Structures are given as C-alpha cells and as structure tokens.
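Here's the letter readout for the chains.
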Amino acid sequence: MLHKGFLLACVTGLAAMVVSVPAHAAERGWEPSTCGAEPDAPAVDASSVEKYNASVDKVSAYEKAARTYNACVSKTAVKEETAISNEARDKIAHIHEGSSAVQQRISANFTQLTSALKAGGAKLQKAAH
C-alpha cells in the first residue's frame, strides 16, 4: 500500500517548517550548542512499493526529529537574541544616562552664565549712569 497522501502531507509540513526557520540558523553561521546534531534528511527510494513505504516511514521519523530539533533551535535562538538585546539595551541606557547628564550640566551652566552676564551687565549699566 502506498502512503502517497501521507508523504504529500509530510512534504508540505516540512516545506512550511523550513520557511519558518530563522535565516541565521539556515545559513549554518550559528548553531545552538544545546540541541544536538541536526537530523539528516533521508533519501526517498521509489524503486519498489516496499522501499517506497520504508521511505515514507523514514520521512515520517525525520519529520518528527526535524520538528523537535527546529523547536529547540528556535527556543535557543530567542533566548540568545533576548540576552543580546537586553545587554545592548543596558549599554545604550548607560551611554544615554551619561550623555543626558553632560547635556543637563552644560544647560545648567549656560543658564547660570546667562544670568550672571545679564546681572553683571545691568550692574555695570547702573554704575555708568
């Protein structure tokens, strides 16, 4: 008995899963250290009904293993991306706080200097008259 419908569903499911894999994981530039090895896709042998049916079973097993691996990759990626984002946010906040403090000091100095110049000018004008 051919499992044609099942195989079509598996292939469609695998295609949808591959589309959802983050690009950086698909490029193999980054791989999670906690998910084990990525499962290898099996070859489909359609040389006989028996070999085809065995291939369907292998594809089914691969689909299960690949979904589990992909879930681990996605979870690990989100965790690492969040850590990086939080670290960057903290660094940016530190820089922003320092920059804001400088701007506030300079603004306060300008306000004080403007007041002192205005008061000094008024005093000198009174003394001249």
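Anything mentioned here points back to the structure above.
Student: Is there a simple way to think about the pattern of salt bridges in this case?
Tutor: The full count for this structure, using the stated rule, is three salt bridges. Linking Glu87 and Lys91 is a salt bridge whose minimum nitrogen-to-oxygen distance equals 3.3 Å. One end of the pair, Glu87, and the other, Lys91, are both in helix 3 (residues 49-128), four residues apart, so they sit about a helical turn from each other. Notably, a salt bridge pairs Arg89 with Asp90, separated by 3.6 Å at the nearest N-O pair.

Student: So what exactly am I meant to see when it comes to the state of the cysteines here?
Tutor: Such a bond, covalent and formed between the sulfur atoms of two cysteines, is termed a disulfide. All told, the structure shown has one disulfide when counted by the stated rule. Paired through a disulfide, Cys35 and Cys72 show a sulfur-sulfur distance of 2.0 Å. Note on the Cys35 and Cys72 pair: the S-S dihedral is about -85 degrees, so by sign convention the disulfide is left-handed. Residue Cys35 is located in the loop between helix 2 (23-26) and helix 3, and its partner Cys72 is located in helix 3; the two are separated by 37 residues in the primary sequence. For Cys72, a relative accessible area of 22% translates into the label partly exposed.

Conventions adopted
- Residues numbered from 1 in each chain as written.
- Predicted model: local features only at pLDDT ≥ 70, side-chain atom pairs only at ≥ 80, totals over all residues.
- Heavy atoms only, no water.
- Salt bridge = Lys/Arg side-chain N within 4 Å of Asp/Glu carboxyl O.
- Helix = DSSP H or I, 4+ residues; strand = E, 2+ residues; numbered from the N terminus.
- Disulfide = S-S within 2.5 Å.
- Buried < 20%, exposed > 50% of the residue type's maximum accessible area, 1.4 Å probe, protein only.

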